[in-house]
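# Structural description and commentary
Chain by chain, the residues:
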Amino acid sequence: KQWYQRRVAITAGGEGTDDNFQIWKKQRDEELRKEEAEHQTRKKMIGLISYEEAMLAKQRLTENNKSKVLKMKVEADKMLKEFLICQLRQEEEIREKVLSIQDSHLQTKAAQQKLQDLKRKMVQDVHAESAALMQIAVEEAAKDMDRKMQLIQEIRAFDRTSIDTVKFVDLTSTAGFGFLCEMSIAELRERIVLMNEEKSRDLEEKRGDILAEKVSYKKMIEQKLDAISHNRELIGKDAAKKSKEKEKLKSPPQVQSSEIDAMQKRLEEKRAERMKMKSTQQMTMQSLPVKRAVNLEAEKRAMEERRWKELENTRERVAKMNTKTVGYRDTLLT
């Protein structure tokens, strides 16, 4: 109704209606901006409150888990003590059984010693017989070796006799088979030299053509890169102008409402509760035994070292990729 009355007043006013309409439009835009800003702040407060509630729930869960872990450790210590007592009893029983078995072994050692003496005597007799046989075999092998050495000396003396095997070759003469394509070794060498010179000339011509193509391709790429950089500068300037205009329009007005004040108060309460719980957790961590605290610190250091190693590995991979791309671009330009 107010808007309708305002429009009637503007149309009945005659002169100056455009100014009144512009004023009314600015007021309307300002109201819409205030409503949008209030809506955005409300959403932000709701997100912060939910974050604080989630952190409180997480801290409560960690406290419950710590209490469960402590109970499990106490039970494990109790079970370990019972296991050690049972193990000591079993070791005592095993020790008694071992002593009884050792007594029985001492009785059997005498019989085993007699048996070993008998076996040792038999082995000595066998060794004496084998030594005699080995002596006979060695003498026969020595005779065979002398015979072989004599044959080798005779063969070497035969090899030392000189035999004239020199053959003179004329490089300018042909084989004499009567073929039309027959040629001497000297002519063949000259033709091979001429063919190699012709191939080298062809290769030089091809290399010159390739270099000319590379130079033209490099010039074309440089021109395209200059055009791309120029276009990027123009686009950057246009984007900067547009961003400045948007920042002028996006400057949010100050929002004040009872609902937002209540949400801000609730957020501060949740945050204070979380910080209080965090301080209590730190106090409980300080009251833990020294060994457990040392173990926790060692685990934290190990996790940090692992994370730093992963970061270093990722940096090395990125550096390798960058070097590959730069090398590829240099090859294109060359």
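Predicted model, so just to flag it, every value in this text is computed and none were measured.

So, about the overall build of the protein chain. Along the protein chain, the regular secondary structure elements total five helices and zero strands. Seen in sequence order, the protein chain has helices and strands lined up from the N terminus as α-α-α-α-α. Restricting to contacts in the protein chain with at least 6 residues of sequence separation, those with at least 24 account for 72%. Entry remark: accessible area of the protein chain is about 30,800 Å², with carbon and sulfur atoms responsible for 58%.

Attention now goes to a negative patch on the surface. On the surface, a cluster of negative charge is made up of E198, D202, E205, D209 and E213. Inspection of the secondary structure puts E198 in helix α3 (residues 185–250).

A contiguous nonpolar surface patch, about 300 Å² in accessible area, is contributed by L80, F83 and L84. As for its placement among the helices and strands, F83 is situated in helix α2 (residues 17–159).

On to the pattern of salt bridges, then. Using the criterion set out here, one finds eight salt bridges in the structure. Put simply, R28 and E31 hold a salt bridge, and the shortest N to O gap is 3.7 Å. Here E31 and R28 lie together in helix α2, a separation of three residues that amounts to about one turn. Classification of R28 as partly exposed rests on a relative accessible area of 44%. A relative accessible area of 43% means that E31 is categorised as partly exposed. Between R42 and E38 there is a salt bridge, and its shortest N-O distance comes to 3.3 Å. With a gap of four residues between them, R42 and E38 both fall in helix α2, about one helical turn apart. For E38, a relative accessible area of 24% translates into the label partly exposed.

On to the confidence of the model for the protein chain, then. Per-residue confidence for the protein chain gives a mean pLDDT of 78; residues scoring 70 or more make up 79%. Element-level pLDDT for the protein chain is lowest in helix α1 (residues 2–13), with a mean of 61, against a maximum mean of 87 in α3.

This part is about the side chain of Q59. Here Q59 is to be found in helix α2. Here Q59 is in contact with R274, M277, K278 and Q281, once residues within four sequence places are set aside.

Turning next to the side chain of E52. For E52, the location among the structural elements is in helix α2. Residue classification places E52 among the buried residues on the basis of a relative accessible area of 2%. With residues up to four places along the chain from it excluded, the contact list for E52 reads L267, K270, R271 and R274.

About the cut-offs
Residues numbered from 1 in each chain as written. Predicted model: local features only at pLDDT ≥ 70, side-chain atom pairs only at ≥ 80, totals over all residues. Heavy atoms only, no water. Helix = DSSP H or I, 4+ residues; strand = E, 2+ residues; numbered from the N terminus. Contact = heavy atoms within 4.5 Å. Areas by Shrake-Rupley, 256 points an atom, 1.4 Å probe, with all protein chains shown as cover. Patch = residues over 30% accessible without salt bridge, like charges linked within 9 Å, V, L, I, M, F, W, Y side chains within 5 Å. Salt bridge = Lys/Arg side-chain N within 4 Å of Asp/Glu carboxyl O. Lys, Arg positive; Asp, Glu negative; His and termini not counted. Charge placed at Lys NZ, Arg CZ, Asp CG, Glu CD. Buried < 20%, exposed > 50% of the residue type's maximum accessible area, 1.4 Å probe, protein only. pLDDT = per-residue confidence, 0-100.

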